[in-house]
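Architecture and fold: a report
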Amino acid sequence: MKLVSIQSKVNPVKEKSLRHIEGLFAGYVPEDADIVVLPEMFQCPYETLQSPAYAEPEGGITWQFCSELAAKKHVCLSAGTIPELADGKVYNTAYIFDREGRQIAKYRKMHLFDINVKGGQYFKESDTLTAGDEIAVFDTEFGKMGICICYDMRFPELTRMMVDAGAKVILCPAAFNMTTGPMHWELMFRQRAVDNQVFTVGTSTARNAEASYQAWGHSIVVDPWGKVLMQMDETEQVAVTEIDLGVVEEVREQLPLLRHRRRDIYG
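Now for a quick tour of the structure.

1. Things to note about the overall build of the protein chain
Counting its secondary structure elements, the protein chain contains seven helices and 15 strands. Compactness check: the protein chain gives a C-alpha radius of gyration of 17 Å against a globular reference of 18 Å for 267 residues, within 12% of the reference. Considering only C-alpha atoms, the protein chain reaches an extent of 50 × 45 × 35 Å along its principal axes. The buried share of the protein chain, reckoned over its 267 residues, is 54%. Counting contacts in the protein chain only where the partners sit at least 6 residues apart, residues at least 24 apart contribute 67% of the total. Surface summary for the protein chain: the accessible area is close to 11,800 Å², and the carbon and sulfur share equals 51%.

Structure below.
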């Protein structure tokens with residue numbers, strides 16, 4: 001499977017962000033790509049109070065744009081996340097499209113990023129966003145994959161639920177910041193990969209030094225053994241990673257962690 005990670009810059013004008021993504025697709029996504037992954041909040045600034053202004057219903061402008069982009073390039077597209085408007089509420093939502101542009105999965109961020117680190121980052125998504133309550137595991141031609149969003153990845157219960165549902169790859173559009181990123185970003189993606197014996201794929205926006213929220217960047221791909229296959233720096237980049245999903249079963253056979261779980265004790 002040929003996976004393409006796009007760590008893109010974000011423009012405060014939604015239409016300009018979409019056109020920029022279109023240009024990156026045209027210029028850097030190879031014709032034989034299988035799956036393309038975009039970052040969290042790729043079409044708007046990651047600023048909680050601004051989320052409602054950028055929110056769209058399912059099937060809106062950004063949804064249509066991503067559907068058409070997937071079909072035009074004939075790739076599976078993990079379309080980062082956007083603010084979704086539904087029933088008067090706003091969610092941080094990820095959509096997945098197949099090679100024909102059909103939506104095959106949808107996930108609403110389950111764990112909202114409400115933190116206050118002394119001397120570091122303060123952020124409160126719950127000021128404007130509503131939490132989702134359903135996991136998302138979906139079928140692809142390569143096998144089952146799961147998706148979560150940024151802060152969700154810190155919760156091993158969620159990733160284990162996706163693995164129990166058959167996921168061999170866990171996608172995570174994300175935007176860690178300059179406080180949490182240096183300490184936890186690589187550590188977390190490697191640990192979730194090792195714990196669950198899956199590939200983990202973290203995709204961030206590029207860093208903008210002028211933004212109120214500065215992303216750490218460093219989009220990453222880790223294999224089931226915990227080896228970092230690809231990691232960027234903070235700048236805008238596009239990277240291609242070859243992934244052999246057969247490695248998942250090889251690692252699980254050699255080190256059968258999942259079979260050795262004591263479910264009789266864990267409850």
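2. With respect to empty space enclosed by the protein
Evaluation of the coordinates by the stated rule reveals one cavity of 30 Å³ or more. Its volume calculated, the largest cavity comes out at about 40 Å³. Forming the walls of the largest cavity are Phe113, Cys150, Arg154, Ala175, Phe176, Asn177, Thr180 and Tyr213. Residue composition of the lining of the largest cavity, grouped by class: five nonpolar, two polar and one charged.

3. Overview of the pattern of salt bridges
Counted according to the given criterion, the structure contains 22 salt bridges. Between lysine 106 and glutamate 58 there is a salt bridge, with its nearest N and O atoms 2.7 Å apart. You can see lysine 106 sitting in strand β6 (residues 103–108) and its partner glutamate 58 sitting in the loop between α2 (51–54) and α3 (61–73), a full 48 residues away along the chain. Across the salt bridge formed by arginine 261 and aspartate 164, the nearest N and O atoms sit 3.1 Å from each other. A residue pair is termed long-range when its members are at least 10 positions apart, and arginine 261 in the loop between α6 (246–254) and α7 (263–266) and aspartate 164 in helix α4 (residues 156–164) qualify at 97 residues.

4. Quick word on a nonpolar patch on the surface
Residues Trp225, Leu255 and Leu257 make up a contiguous nonpolar surface patch of about 300 Å² in total accessible area. Mapped onto the elements, tryptophan 225 comes out in the loop between β13 (220–222) and β14 (228–231).

5. Describing the nonpolar core
Judged by nonpolar contacts, the single largest core of 45 residues is most densely connected at Leu3, Ile35, Ile147, Cys148, Leu171 and Phe189. Excluding residues within four positions of it along the chain, isoleucine 35 makes contact with Met1, Lys2, Leu3, Val4, Cys76, Met145 and Leu171. Residues Ile21, Phe42, Trp63 and Ala70 belong to the second largest nonpolar core, which totals 22 residues.

6. Some details on the layout of surface pockets
Estimates place the volume of the largest pocket at around 340 Å³. Contributing to the lining of the largest pocket are 22 residues, with Val10, Pro45, Asn208, Ala211 and Tyr213 lying nearest its centre.

7. Focus on the environment of tryptophan 216
If you trace the backbone, tryptophan 216 turns up in the loop between β12 (199–204) and β13. Exposure remark for tryptophan 216: the relative accessible area of 16% places this residue in the buried category. A C-alpha to C-alpha distance of 26 Å links tryptophan 216 and arginine 160, two positions 56 residues apart in sequence. Those residues within four positions of tryptophan 216 in sequence are excluded, and the remaining contacts are Phe176, Asn177, Met178, Gly181, Pro182, Trp185, Arg207 and Glu234.

8. Focus: the side chain of aspartate 98
In this fold, aspartate 98 is placed in the loop between β5 (89–97) and β6. Among the residues examined, aspartate 98 registers a relative accessible area of 12% and is labelled buried. Within the structure, the side chain of aspartate 98 is placed 2.8 Å from the side chain of arginine 102, a separation counted as a polar contact. Sequence-distant contacts of aspartate 98, that is, excluding residues within four places in its chain, are made with Ala70, Val75, Cys76 and Ile104.

9. Re the packing of helix α1 (residues 14–28) against α3
Between two packed helices, both the angle of their axes relative to each other and the distance between the axes serve to describe the pair. Direction vectors running N to C along α1 and α3 enclose 10°, while the axes themselves pass 11 Å from each other. Classified by the interaxial angle, the pair formed by α1 and α3 is roughly parallel. Every residue of α3 that contacts α1 at Lys14, Leu18, Arg19, Ile21, Glu22, Phe25 and Ala26 is listed here: Ile61, Thr62, Phe65, Leu69 and Lys73.

10. Describing α6
Of the positions making up α6, those classed as buried are Val248, Val251 and Arg252. Taken around the axis of α6, the buried residues stretch over an arc of 100°, which confines them to a single face. Pointing more than 90 degrees away from the buried face of α6 are the exposed residues Glu253 and Gln254. Turning to α6, the residues buried within the fold contact α4, α5 (180–196) and β12.

Procedures and definitions
Residues numbered from 1 in each chain as written. Predicted model: local features only at pLDDT ≥ 70, side-chain atom pairs only at ≥ 80, totals over all residues. Heavy atoms only, no water. Helix = DSSP H or I, 4+ residues; strand = E, 2+ residues; numbered from the N terminus. Rg over C-alpha atoms; globule rule 2.2 N^0.38 Å. Buried < 20%, exposed > 50% of the residue type's maximum accessible area, 1.4 Å probe, protein only. Contact = heavy atoms within 4.5 Å. Areas by Shrake-Rupley, 256 points an atom, 1.4 Å probe, with all protein chains shown as cover. 1 Å grid on protein atoms, 1.4 Å probe; cavity = no way out; pocket = protein on both sides within 12 Å on 5 of 7 lines; lining within 4 Å. Points joined across faces, edges and corners; volume = space filled by probe spheres on them. Nonpolar A, V, L, I, M, F, W, Y, C, P; charged D, E, K, R; others polar. Salt bridge = Lys/Arg side-chain N within 4 Å of Asp/Glu carboxyl O. Patch = residues over 30% accessible without salt bridge, like charges linked within 9 Å, V, L, I, M, F, W, Y side chains within 5 Å. Core = buried A, V, L, I, M, F, W, Y, C linked by side-chain atoms within 4.5 Å. Polar contact = N/O pair within 3.5 Å; in protein donor to acceptor, adjacent residues only side chain to side chain. Axes fitted to C-alpha atoms, helices over the stretch in contact; angles between N-to-C directions. Parallel < 35°, antiparallel > 145°, perpendicular 65-115°, else oblique. Arc of directions from axis to C-beta.

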